[in-house]
Amino acid sequence: MDSEAKSEIWKEIAKYGKKLHDKGYMVSHSGNLSIRGGDKIYIKRRGAAADEIGPEDVIEADLFEEDSSIILSSTETMVHKAVYLGTSALAVIHAHPPYCITCSLIFDEIIPMDAEGDYVLRKIPVLVVNEVSGSKDLENAVSSALKEYKGVVVRGHGTFAAAKLMEEAYHITCMMEAASQIRYLVHLSGLKPKRDKTAEFTKW
Amino acid sequence: MAGWMGKILDVDLSSSKIRVAELDEQARDKFVGGRGLGAKIVYDNVQPGTDPLSAANVLVFSVGPLTGTAAPTSGRYSVSTKSPLTGTILDANSGGFFGPKFKSCGIDALVIRGAANSPVLISLNERNAEILDASEYWGKGVFDTTTMVNEKFGKAAEAACIGPAGENLVRMAAIMNDRHRAAARGGVGAVMGSKKLKAVLAAGSMRVEVADREKFLFVVKESNRVFDMHPITSKALPRFGTAVLVNLMNELGLLPAENFRSTFHSEAENLSGEALTKSILVRRKGCFGCKIQCGRSTKVGNVEGEGPEFETLFALGSCCSVWDLEKVTLANYACNDLGLDTISMGVTIACAMELSEKGALPEKVSWGDGDKMLELVRKAAFREGLGNDLAEGSMRLASKCGLPQVAMHSKGLELPAYDPRGAKGQGLAYATSNRGGCHLRSYMISLEILGIPRRIDRFSTTNKAGLVISQQNLYAGMDTLVACRFTGYGLDEDYYSRMLTAATGAAYTGEDLMLVGERIWNLERLFNVREGFGRKDDTLPDRFLKEPLSTGPTRGQVVELEPMLNEYYKFRGWDHEGRPTERTLERLGLGS
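Residues numbered from 1 in each chain as written. Chains lettered and ligands numbered in written order. Predicted model: local features only at pLDDT ≥ 70, side-chain atom pairs only at ≥ 80, totals over all residues. Heavy atoms only, no water.

Asks: I would appreciate a short explanation of the overall build of chain A in the present structure.
Replies: Secondary structure assignment for chain A yields seven helices and eight strands. A compact globule built from 204 residues would reach a C-alpha radius of gyration of about 17 Å, and chain A, at 17 Å, matches this within 12%. Reported as C-alpha extents along the three principal axes, the dimensions of chain A are approximately 55 × 30 × 25 Å. Burial status across chain A gives 55% buried among its 204 residues. Sequence separation of at least 24 residues holds for 64% of the intrachain contacts in chain A that already meet a minimum separation of 6. (Helix = DSSP H or I, 4+ residues; strand = E, 2+ residues; numbered from the N terminus. Rg over C-alpha atoms; globule rule 2.2 N^0.38 Å. Buried < 20%, exposed > 50% of the residue type's maximum accessible area, 1.4 Å probe, protein only. Contact = heavy atoms within 4.5 Å.)

Asks: What is the right way to look at the packing of helix H4 (residues 142-153) of chain B against helix H12 (residues 325-338) of chain B in this model?
Replies: The axes of two packed helices give the description: the angle between them and the distance between them. All names here are of chain B. Two elements in contact, H4 and H12, have axes whose closest approach is 6 Å; the angle formed by their N-to-C orientations is 50 degrees. Classified by the angle their axes make, H4 and H12 are oblique. Across the interface between the two elements, Val142, Phe143 and Asp144 from H4 touch Tyr333, Asn336 and Asp337 from H12. (Axes fitted to C-alpha atoms, helices over the stretch in contact; angles between N-to-C directions. Parallel < 35°, antiparallel > 145°, perpendicular 65-115°, else oblique.)

Asks: Quick question: what am I supposed to make of a nonpolar patch on the surface here?
Replies: Residue and element names in this part refer to chain A. A cluster of nonpolar side chains, Ile70, Ile71 and Leu72, forms an exposed patch at the surface whose accessible area comes to about 290 Å². Residue placement: Ile70 occurs in the loop between strand S3 (58-62) and helix H2 (77-86). On the basis of relative accessible area, Ile70 is assigned to the partly exposed category, the value being 45%. (Patch = residues over 30% accessible without salt bridge, like charges linked within 9 Å, V, L, I, M, F, W, Y side chains within 5 Å. Areas by Shrake-Rupley, 256 points an atom, 1.4 Å probe, with all protein chains shown as cover. Salt bridge = Lys/Arg side-chain N within 4 Å of Asp/Glu carboxyl O.)

Asks: Can you help me understand H12(B) in this one?
Replies: For an α-helix the count is 3.6 residues per turn, leaving residues at separations of three or four pointing the same way. Residues and elements named next belong to chain B. Taking 1.5 Å of rise per residue, 14 residues should cover 20 Å, and H12 covers 20 Å from first to last C-alpha, within 8% of that figure. Burial in H12 covers these residues: Leu325, Val328, Thr329, Ala331, Asn332, Tyr333, Ala334, Cys335, Asn336 and Leu338. Its side-chain oxygen at 3.0 Å from the backbone nitrogen of Glu326, Asp324 defines the N-terminal cap of H12. Phi turns positive one or two residues past the end of H12, at Gly339, with a value near 80 degrees. (Expected span 1.5 Å × (residues − 1). Polar contact = N/O pair within 3.5 Å; in protein donor to acceptor, adjacent residues only side chain to side chain.)

Asks: I'm lost on the environment of B:Phe382 in this one. Help?
Replies: Residue and element names in this part refer to chain B. Residue position: Phe382 is located in helix H14 (residues 370-382). Look at Phe382 and you get partly exposed, because its relative accessible area is 39%. Through-space distance from the C-alpha of Phe382 to that of Phe486 is 33 Å; in sequence the pair is 104 residues apart. With sequence-adjacent residues up to four places away left out, Phe382 is seen in contact with Pro164, Asn168 and Leu338.

Asks: Looking at this structure, I do not really get the interface of chain B and chain A. What am I missing?
Replies: Accessible area lost upon the coming together of the parts is a frequently used measure of interface size. Residue-level contacts link 34 residues of chain B with 33 residues of chain A. Note on chain B versus chain A: buried area summed over both sides is about 2,900 Å², and carbon and sulfur give 54% of it. Ionic pairing is found between A:Asp118 and B:Arg225, a salt bridge with its closest N-O pair at 2.7 Å. There are 13 residue pairs in polar contact (both at pLDDT 80 or more) connecting chain B and chain A. Contributions of two or more residues to the side of chain B that touches chain A are made by helix H7 (213-229), helix H19 (464-478), helix H20 (493-504), helix H21 (510-530) and helix H23 (561-572) of chain B. The element best represented in the side of chain B that touches chain A is H7(B), accounting for nine residues. Of the residues assigned to the side of chain B that touches chain A, the class counts are 11 nonpolar, eight polar and 15 charged. (Buried area = accessible area lost by both parts, 1.4 Å probe. Nonpolar A, V, L, I, M, F, W, Y, C, P; charged D, E, K, R; others polar.)

Asks: Is there a simple way to think about the sheet that holds strand S1 (residues 32-37) of chain A in this case?
Replies: Adjacent strands of a sheet pair through backbone hydrogen bonds, lying either parallel or antiparallel. Residues and elements named next belong to chain A. With mixed pairing, eight strands are arranged side by side in an open sheet as S3-S2-S1-S4-S8-S7-S6-S5. The sheet is open, and its two edges are formed by S3 and strand S5 (109-110), each paired on a single side. The pairing of strand S2 (residues 40-44) with S3 spans five bridges and is classified as antiparallel. Within S3, the residue paired with Tyr42 across the bridge is Glu60. Each of S1, S2, S3 and strand S4 (91-95) is contacted by helix H1 (residues 3-22), which is oriented at about 155 degrees to S1, the strand it contacts most. (Pairing = 2+ DSSP bridges.)

Asks: Explain the pairing of strand S7 (residues 151-154) of chain A to me, please; I cannot follow it from the model alone.
Replies: In regular strands, side chains alternate between the two faces of the sheet. All names here are of chain A. Along S7, one buried face is formed by Gly151 and Val153 and the opposite face, lined by Val152 and Val154, is buried too. One ladder, built from two bridges, connects strand S6 (residues 124-127) with S7; its direction is parallel. Bridge pairing in S7 links Leu127 to Val154. Judged from the four bridges that link them, S7 and strand S8 (residues 158-163) form a sheet pairing that is antiparallel. Its bridge partner lying in S8, Val154 is registered against Gly158. What sits between the antiparallel neighbours S7 and S8 is a turn of three residues, in which Gly156 has the positive phi angle 70 degrees.

Asks: How should the packing of helix H2 (residues 34-45) of chain B against H21(B) be read in this particular structure?
Replies: All names here are of chain B. Between H2 and H21, whose axes approach to 10 Å, the crossing angle comes to 30 degrees. The orientation of H2 relative to H21 falls into the category roughly parallel. Relative to H21, H2 is oriented so that their crossing is left-handed. In contact with Arg35, Gly36, Ala39, Lys40, Val42 and Tyr43 of H2, H21 contributes Ile520, Trp521, Leu523, Glu524, Leu526, Phe527 and Arg530. Here the contact of H2 with H21 is built from residues that sort into eight nonpolar, one polar and four charged. (Left-handed = near helix turned anticlockwise from the far one by under 90°.)

Asks: Just checking my understanding: could you explain the side chain of A:His80 for this structure?
Replies: Residue and element names in this part refer to chain A. Examined against the element boundaries, His80 turns out to sit in helix H2. Residue classification places His80 among the buried residues on the basis of a relative accessible area of 0%. In contact with His80, other than residues within four places in its own chain, are Asn32, Leu33, Ser34, Ile41, Ile43, Val92 and His94.

Below, the structure is given as structure tokens:
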């Protein structure tokens, strides 16, 4: 990939890193996002501030082989790679949206209650893994679940969204958080909702 | 297993032998149905170097596990063969009502080998298959053939037939059903004609079983809900048909005019969906199991027919600078009756117009001459005069006239209605398409123009390869079902795989379906590599690579193909010449 193309990829990652940070889905330096380009992935550097991703904060890593980029790339790089190898995704976002994490601590799966949420997501699986950060368990669980769902939440940890475009992965992340927020607020109200597709979409 | 009928009918027209075989489980699991099953059969049965119009070629009709069920757009069937127009592997599919009738005969595929000595038709139902004399239909147009067949065999029989173009081995001949529906591209009709096969009649009445009815109907209901909510499937296509694209493509500088020499024209409005709706629309029409209803019943004077679709409005309209909607519509009706692919026919006539302008054609064919265009359509179907050269397609026509660069094709297949200088990913899609220049292998217009699911920079080449590949794999997966491409405006692999799972009882994820698509794509590539195709053929006419447009919204642009192609090969796991590597074939279960 030539330098112009790499620059375009950096701009894309920086743009969505900033958006995710500003919405509070990536807190300070946490979370990571990546784009696949052929046999490479381009991923946020470990410890880079999500709202200030510079050209040197995007690390190129070989998708198929381990390489020395591991010294700089995100803790979750192997999870991103596993998703690319296991699915047809071209962009992945791992974020820490608060309502998603909250719901993952309460529910075994998150079924959106709003029309937009069920239209886009249908169901958000909650994954339970022993080691929630950078583990083989996490790689397997996330890449496997993303074969069937657009986004998943790892209990007590955060979301993974996979898509063909970074913008789409961002959209899925936002939708997961909005759907979780609505479900949590309904839950908090203690009232019986007059529209609830939980029973239907459990089988999705 | 539910969804499939479990049988393949094998008909040898040379020996008149008919054999029923079990559907091979391994082939079913790896290639599912439709295009996938067709590609597998063609790959295994057509030797390298086979003349596509010889008895040694095979023609495969196939359906998928969703065909004839309640799944949206489950009325389609697929036809696979080696193309007489391109020499590549080929599949074309068509909507209407033939697909379910075919499947109700209790088969997933019909393999036709050899060639008859005199015109025949194959008549199918759930109890029997017969080869019958078809002399009385030979020479008739599609409309008369359909009427006569219905009179003789009853209206319950659905016919897929050829017109005079197929009989006369016109390299762009289509197979037609429901009078106006076409498996159009690449000359499938000529292969049928070379076998002296006028029609396949299907009059089955078997039910298609689904494994988990409750779950299946739930996913179908949710899919239909998506169509109801999506503006393209609920508003744009039903209201204006595919012609809804004319104004948009023109405004963005993508609608090719004058054989792709310009892409923006003030008279395009004459061919728009709005104009069509106001002037010639009689009613909307839909295929079996489709609620989108993009079809148009139309009327010009006393003549009634269907269409034109967007691609036809481009090919017989803007590309030839014929801005008269009625003349384009009449030429469309003629193509349907004669059994011609409107895209290849129109683009070949546009090529002739440019050749004529450059003094390279012995006959005068002027831009915008709709009457001449109509005359040439008929002459091509019967191979009369200049029509004999047009019947060979634009690549052979332009080469014969000494100006090969005037033919707007990729691998010999005439390009469709989107100038790739205005959507560069679409350029890569054309160049890498296994059946030649085509928008249905990867429709980057959805991303680059329509913003589905999100809009991307249409002039950028960065990371387009991955997106093209993703669509190619998805569409190949969809073609195993055989789902209409327009469902893809709302549905993704997740919905298709859930319908497939519920229908068959076999567990498929969206990624499984993508993998099936990738396997098909690579098998098709292997066929083409075996025929001598490679990097040199994955290209576009110089017009798109070297000649920027001087006016309109796309001015100054050319397609920077090479970097995208390099990335494409790398992404696919192919070598520099575009051959799948052993590692890739192993991963896909295609290794030796």
